[in-house]
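# Summary of structural features
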Amino acid sequence: MARPPTNTDRAAAESTATRSHEGTATICFDEEFIERLANGELDEASRLEFDSHCAGCAECGRRFDEVRLNLGAVEAVRAAAWSPLDGVPPEPSIDGYRILRQLGRGGMGRVYLAEQIRPARLVAIKVMEPFRDSRLLDREVEILARLSHPGIASIHEAGRTSDGRSYFAMEFVDGEDLLTHARGRPLRERLALLRDAVAAVAYAHRLGVIHRDVKPGNILVTRAPEEGRWTPKVLDFGLATIRASAGAADGSLIGWSGHVFGTIPYMSPEQSRGEPADTRSDVHALGSIAFELVTGRPILELGARTMHEALAARASLRAPRLRSISPETPPDLDAIVAKALEFEPADRYDGAGAFAEDLSRWLAGQAVAARAPTALEQARRLIRRQPIASALAAALLVSIAAFAAIMTVLAANLAERHQAAISAQSTSRERLDALVSQTTLLLDELLDAMADDLGGDATRSEIVEEVARYYDSLLEADPDEPRLQRAQMGVLRTLSALSRQRGDAERARSLMERSHELAARVLTARTIDPDEKFQWGYSLMYLAAALRESDREASDRLDDEATRVFEELAASTPDVEIHLAQLAAMLKRKANRALSAGDRDSARSHLTRALELRQRTLELEPESIAALEGALVARYSLAHFELGGQDAERAVATLVETLAQVDDALAIHSARRRLLELRAQIHLDLAGAMRNSGQPQSAQDHAFAAFRDLDRIVTADPQILRCRMQRSAACGMLADLAREAGDLAAAAEWEARSR
Amino acid sequence: MEWVTTSTILEELRRDAASPSWRRLFERCRRPIIELGTRLGLTRVEAEDAAQETLLAFVESFRAGRYERERGPLHRWLFGIAHKHILRQRDRAARERRTGRAPDDSRFWGDVPGPEALRPAWEESWERESMRACLERARDECSSDAWQAFELVVVRQAPPHAAAEWLGIPVKAVYNAKHRILTRLRQLRAELDEPC
């Protein structure tokens, strides 16, 4: 499907325009440009440029027609290459073997069970499909010939069938795949089997071989004849590659990772992005199997996704912790699997060897090398992962490290109570002042930058926790230090909000009460200083939110008080966008309260004013994504409100317009959770409206779109309660729609998902 | 592999009744016939028998001058012969199943679709087989790198940059190989079933 052209498209298109007709002065376009143009991937300007060129160059026009015809023939070629006829052409005829039956079929060949005449034994024979290039099979033969390990099916011989196709005969493994075999067995037994498979892959790694397609179906469990115990055997090195030289740097691996058919749930993020695989990609695949062995489900449920959607989901998905799904998982095992499944290859085990060793340690009850990464380590990872946030994270790390040093000085000084030390303390205190300001600023900016990191809430929480712990340590030494109190007040407030978002209302309340207690100590309610006033209003607002579940009356009172503070601020500083934005937030809350009380007129008035304030905020900060989000949410809120009133038709039109704006914003900030959530809410509203107006197909499309966005959010971070509930609602609506359409099977499936 | 179009085969058969060309024709036609046979409930072995009989009947009929190209392309004519022989094979197979000489299969006793219902699948199967012959020919004509580039991006749907990396050639060369071979395939396909 054609997608909107981007600047990158144009740049790519321009870069591919080459002087391809030798001997002429005309700059002609190459096949890449022409193909992308024929596919509708380039923009209007590129098309015009091409058309204008063709006016004087018949050759390019002819090539364009040819490329279009070629693209039209691709499906027929694929159909011929992947014939649905099993067993045709006839089973291969190979001297010395009797073919018994086909065992399976892969991307480049078929595998048969055969009887070898001499020595008499059963073997598996892999035969190339008729028109494939035999070099692919030759590569597998070369790789298997290097490997001799009880956990890897061994090769016997290679040659040509009577009709000239390449084949090789290998050990026949009479067993079942690892997941099937492991079903119902005790956890330790499952993990012991996996450890043996990991050890086999580790052996291959030591010889420079990277498998690149490790998945449960490629690990068969059989009973070792001599020992009588279950042994996993790793198969199918058809996509494997060899390091350019033993011990070569990871970046120098040869080969391509492009096997994308059917194994997406076990693919590493870098492979799904089409980047080269290395030993750590195999580690990720083995970690994915470990995940499934423990939890009983794959990391990525493909569901109704298309292949491209599944690949995109795989490329961005950070594996959830085992304990978030199976809380009974031993912490060390959780840490081992988490390390194998780290998003960044550099954070994983270097190769399968280290992974196997840690599994062995765990099985033997010894301490494991893997452990949960600290928040500091996570912040370091941010530097690699988040280009926008990296500078901030790096600076924050420096600040935290400086804190540690200062704390040591302060503690030493306090203990010794020496005059010289007091002097040093004073110096340290000055540095501390500067560092507190710097850290507060950096932390705010870092958290803001990380808002584009879908699924990063857990990391955000841990970083903020880490900072809070440092502030606590410092406050222990100097409990009345106002700068520290103020900084800690803000940090606790942020932590409270993150806890509330993750459904931990009790912790949110306790953190916010601590924060507000500090606020009451350092801020004055009747202050005229705008910053102080803002902080006070902010504290009231957050405390109100934290108390909402447990003490509605107190929460409402605090909300009113906060609104009053922000009203005063907006009146005295009408051009300070953050003051206007906060007042808008308070008005939205007031609207909700009015609506609960059945007062629709007041609710409309509050929402309208909130929208005006948000629009003003956006005018003041046109480049701010937060301001844009605020304006979009305010617009949506008013339309959502109107849906329940008399002018529902206009509300639907507003929702459709807002949806288009949200799509535009997401085209730039594709992983911004708040925007995704907003889009899902709009889709859900539109689904309901379409259903009510007798348009079930459109309703279904919107409900499914909502489900997809919410599923993306929840898959990235299963702890976000609100989104989980909304996803359930989307599934429920899809179930209802399927039931109404008479598709009971789909209804049951969506019903099950909604639970 | 020698490239032989359908008209070449038929021309040879016309000139020389004992020409080995019928074997080439058999190789090209047997898979669609087997697929048709299994679609009509025959086992693989029974369908192979039906394919043999069809081709023998075809050669006999052709030598007797009963094929007229004005009446339509070869594969349509062949479809009629194949359908008739597959139905005969079905009758034999039915007798063997009733007498217990062949394993029974409930699928066999299902409704037998008429020729018009079977024709689209036959056309599809014929097209696939023809394209397969073209692929084999095109593979023999081009360099290993070009073929691998083509196979990676067209058949296995790899991104061109990944194919280029795998083969150690420029992306431009991947696009060139893709289109050169696709163009050649279209030419070969047109030649393969040219009017006899």
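Residues numbered from 1 in each chain as written. Chains lettered and ligands numbered in written order. Predicted model: local features only at pLDDT ≥ 70, side-chain atom pairs only at ≥ 80, totals over all residues.

### Observations concerning the overall build of chain B
- Within chain B, the regular secondary structure consists of eight helices and zero strands.
- For chain B, the N- to C-terminal ordering of α and β elements is α-α-α-α-α-α-α-α.
- The 196 residues of chain B split such that 38% are buried.
- The long-range fraction of contacts in chain B, counting pairs at least 24 apart against all pairs at least 6 apart in sequence, stands at 67%. (Helix = DSSP H or I, 4+ residues; strand = E, 2+ residues; numbered from the N terminus. Buried ≥ 20, exposed ≤ 12 C-beta atoms within 10 Å, placed from the backbone. Contact = placed C-beta atoms within 7 Å.)

### Quick word on the sheet that holds strand β4 (residues 109-116) of chain A
Residue and element names in this part refer to chain A.
- Strand order in the open sheet formed by five strands is β3-β4-β5-β7-β6, with antiparallel pairing between adjacent strands. Only two strands of the sheet have a single partner each, and these edge strands are β3 (97-105) and β6 (155-160). Here the strands of the sheet are splayed against their neighbours by 25° on average, with no regard to which way each runs.
- Looking at chain direction, β3 and β4 are connected through seven bridges and run antiparallel. If you follow Arg 98 over to β4, its bridge partner there is Glu 115. (Pairing = 2+ DSSP bridges. Axes fitted to C-alpha atoms, helices over the stretch in contact; angles between N-to-C directions.)

### Details of unusual backbone geometry
Residues and elements named next belong to chain A.
- Of the consecutive residues Arg 118 and Pro 119, the connecting peptide bond is found in the cis state with omega at -5°.
- Within the secondary structure, Pro 119 is located in the loop between β4 and β5 (121-128).
- At Arg 212, a position not held by glycine, the phi torsion is positive, near 70°.
- Within the fold, Arg 212 resides in the loop between β9 (209-210) and β10 (219-223).
- Positive phi is not limited to glycine here, since Asp 236 has a value of about 55°.

### Observations regarding the sheet that holds β10 of chain A
Residue and element names in this part refer to chain A.
- An order of β8-β10-β11 is seen for the three strands of this open sheet, with the pairing classed as antiparallel. In this open sheet, the two edge strands, each paired with only one partner strand, are β8 (176-177) and β11 (230-234).
- Where β8 meets β10, two bridges bridge the pair, whose relative direction is antiparallel. Each bridged residue has a counterpart across the sheet, and for Asp 177 the counterpart in β10 is Leu 220.
- Where helix α7 (residues 187-206) meets the sheet, it contacts β10 and β11, and its direction lies at approximately 35° from that of β11.

### Focus: the confidence of the model for chain B
All names here are of chain B.
- In this model, chain B carries an average pLDDT of 81, and 88% of its residues clear a pLDDT of 70 or more.
- When the elements of chain B are averaged for pLDDT, helix α1 (residues 6-15) gives the smallest value, 78, and helix α8 (residues 171-192) the largest, 92.
- Interface scoring of the predicted complex returns ipTM 0.84; its pTM is 0.41. (pLDDT = per-residue confidence, 0-100.)

### Details of the packing of helix α2 (residues 21-39) of chain B against helix α3 (residues 44-63) of chain B
All names here are of chain B.
- Between α2 and α3, whose axes approach to 8 Å, the crossing angle comes to 135°. The angle between the axes of α2 and α3 places the two elements in the oblique class. The element α2 and its partner α3 pack so that their crossing is right-handed. From α2, Trp 22, Leu 25, Phe 26, Cys 29, Arg 30, Ile 33, Ile 34, Gly 37 and Thr 38 reach across to α3, where they touch Arg 44, Glu 46, Ala 47, Glu 48, Ala 50, Ala 51, Thr 54, Leu 55 and Val 59.
- Along the lines of polarity and charge, the residues of the contact of α2 with α3 split into 11 nonpolar, three polar and four charged. (Parallel < 35°, antiparallel > 145°, perpendicular 65-115°, else oblique. Left-handed = near helix turned anticlockwise from the far one by under 90°. Nonpolar A, V, L, I, M, F, W, Y, C, P; charged D, E, K, R; others polar.)

### Topic: helix α19 (residues 505-522) of chain A
- Between its first and last C-alpha, α19 of chain A extends 26 Å over 18 residues, near the 26 Å set by a 1.5 Å rise per residue.
- Looking at the buried side of α19 of chain A, the elements it contacts are α18 (482-501) and α20 (530-547) of chain A. (Expected span 1.5 Å × (residues − 1).)

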